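# Architecture at a glance
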Amino acid sequence: MRTHLCIACLAGALTFPLLTVQSAEKDKDKPAVDVSKLPPASDKKDVTYAKDIKPIFDKSCINCHGPDKQKGKLRLDSLEAALKGGQDGKVIEPGDSAKSVLVHNVAHIGDEDDYMPPPDNKDKIPPLTKEQIGLIRAWIDQGAK
């Protein structure tokens, strides 16, 4: 029994650094995100998905991330779906908007290929305002509820 436990621990210890290296390799081509360029979080209290965030997503995101179409397998038409993320993983880090990929993408910082909405989108959806991004940041910082 102890031998099996030791082997399992050793296998885990050897695998973890390999996974970390693979993850670093995957992300090395992505430019670093300068979070100092993010608009500040709104000071509005008790921000919720249903009341404050869904209207923003409905207007600017649902055409590509809703029930009819899910680019990157990401849906933003429900709280549960938004928190689940897409094919590349979670896009929201509850409690830390500056680390949330969703915030980077809507604020148009980081990789230009990930900007949302895309600058040249066919529906002519304008970028989110600083106020909208600040509200999304406040929602995430308050726990993304």
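First, a word on scope: everything that follows refers to the structure included in this document. Computed from a predicted model, the values in this text were never measured in an experiment.

Moving on, we come to the packing of helix H2 (residues 49-60) against helix H5 (residues 130-141). Close contact between H2 and H5 brings their axes to 10 Å; oriented N to C, the two are set at 140°. With respect to their mutual orientation, H2 and H5 come out oblique. As H2 packs across H5, the resulting crossing turns out to be left-handed. When H2 is examined against H5, the residues Tyr 49, Asp 52, Ile 53, Ile 56 and Phe 57 are found in contact with a partner set consisting of Gln 132, Leu 135, Ile 136 and Trp 139. When its residues are assigned to classes, the contact of H2 with H5 shows seven nonpolar, one polar and one charged.

It is worth spelling out H5 at this point. Between its first and last C-alpha, H5 extends 16 Å over 12 residues, near the 16 Å set by a 1.5 Å rise per residue. Within H5, nine of the 12 residues are buried, which leaves it mostly tucked inside the rest of the structure. By the burial criterion, the buried members of H5 are Gln 132, Ile 133, Gly 134, Leu 135, Ile 136, Arg 137, Ala 138, Trp 139 and Ile 140. If you follow the buried residues of H5, they end up packed against H2, helix H3 (79-84) and helix H4 (101-106). Backbone geometry just downstream of H5 places Gly 143 in the positive-phi region, at approximately 110°.

So, about the environment of Ile 53. Tracing the sequence through the fold places Ile 53 in helix H2. By relative accessible area, which is 0% here, Ile 53 ends up buried. Taking the C-alpha atoms as reference points, Ile 53 and Leu 135, 82 residues apart in sequence, are found 7.6 Å from one another. With sequence-adjacent residues up to four places away left out, Ile 53 is seen in contact with Val 47, Thr 48, Leu 135, Ile 136 and Trp 139.

What follows covers the environment of His 108. Inspection of the secondary structure assignment puts His 108 in the loop between H4 and H5. For His 108 and Pro 119, which are 11 residues apart along the polypeptide, the C-alpha to C-alpha distance reads 9.2 Å.

So, about the nonpolar core. Of all hydrophobic cores here, the largest spans 26 residues; its most connected members are Ile 53, Phe 57, Leu 76, Ile 92, Leu 102, Ile 136 and Trp 139. Looking at this core, the elements with two or more residues in it are H2, H4 and H5. Of all the elements, H5 adds the most residues to this core, at six residues.

What follows deals with the packing of aromatic side chains. By the definition in use, this model includes three aromatic pairs. Seen in terms of ring centroids, Phe 57 and Trp 139 are 6.4 Å apart; in terms of plane orientation they differ by 85°. Their pairing is edge-to-face. Here the residue Phe 57 occupies a position in helix H2, and Trp 139 occupies one in helix H5, the gap between them amounting to 82 residues. Across the pair, Trp 139 and Phe 57 agree in class, each one buried. Three or more aromatic residues joined by ring pairs form one cluster here, namely Tyr 49, Phe 57 and Trp 139.

This model, assessed by the stated rule, comprises five salt bridges. With a shortest N-O distance of 3.4 Å, Asp 52 and Lys 51 are connected by a salt bridge. For Lys 54, the salt bridge is made with Asp 58, and the minimal N-O distance between the two is 3.0 Å. Taken together, the residues Lys 54 and Asp 58, both in helix H2 and four residues apart, mark about one turn of the helix. A residue is classified by how much of its surface remains accessible, and Lys 54, at 26% relative accessible area, is partly exposed. With a relative accessible area of 39%, Asp 58 lands in the partly exposed category. Here the residues in one salt-bridge network are Lys 44, Lys 51 and Asp 52, joined through shared partners.

Procedures and definitions
Residues numbered from 1 in each chain as written. Predicted model: local features only at pLDDT ≥ 70, side-chain atom pairs only at ≥ 80, totals over all residues. Heavy atoms only, no water. Axes fitted to C-alpha atoms, helices over the stretch in contact; angles between N-to-C directions. Helix = DSSP H or I, 4+ residues; strand = E, 2+ residues; numbered from the N terminus. Parallel < 35°, antiparallel > 145°, perpendicular 65-115°, else oblique. Left-handed = near helix turned anticlockwise from the far one by under 90°. Contact = heavy atoms within 4.5 Å. Nonpolar A, V, L, I, M, F, W, Y, C, P; charged D, E, K, R; others polar. Expected span 1.5 Å × (residues − 1). Buried < 20%, exposed > 50% of the residue type's maximum accessible area, 1.4 Å probe, protein only. Core = buried A, V, L, I, M, F, W, Y, C linked by side-chain atoms within 4.5 Å. Phe/Tyr/Trp six-rings, centres within 6.5 Å; stacked < 30°, edge-to-face > 60°. Salt bridge = Lys/Arg side-chain N within 4 Å of Asp/Glu carboxyl O.

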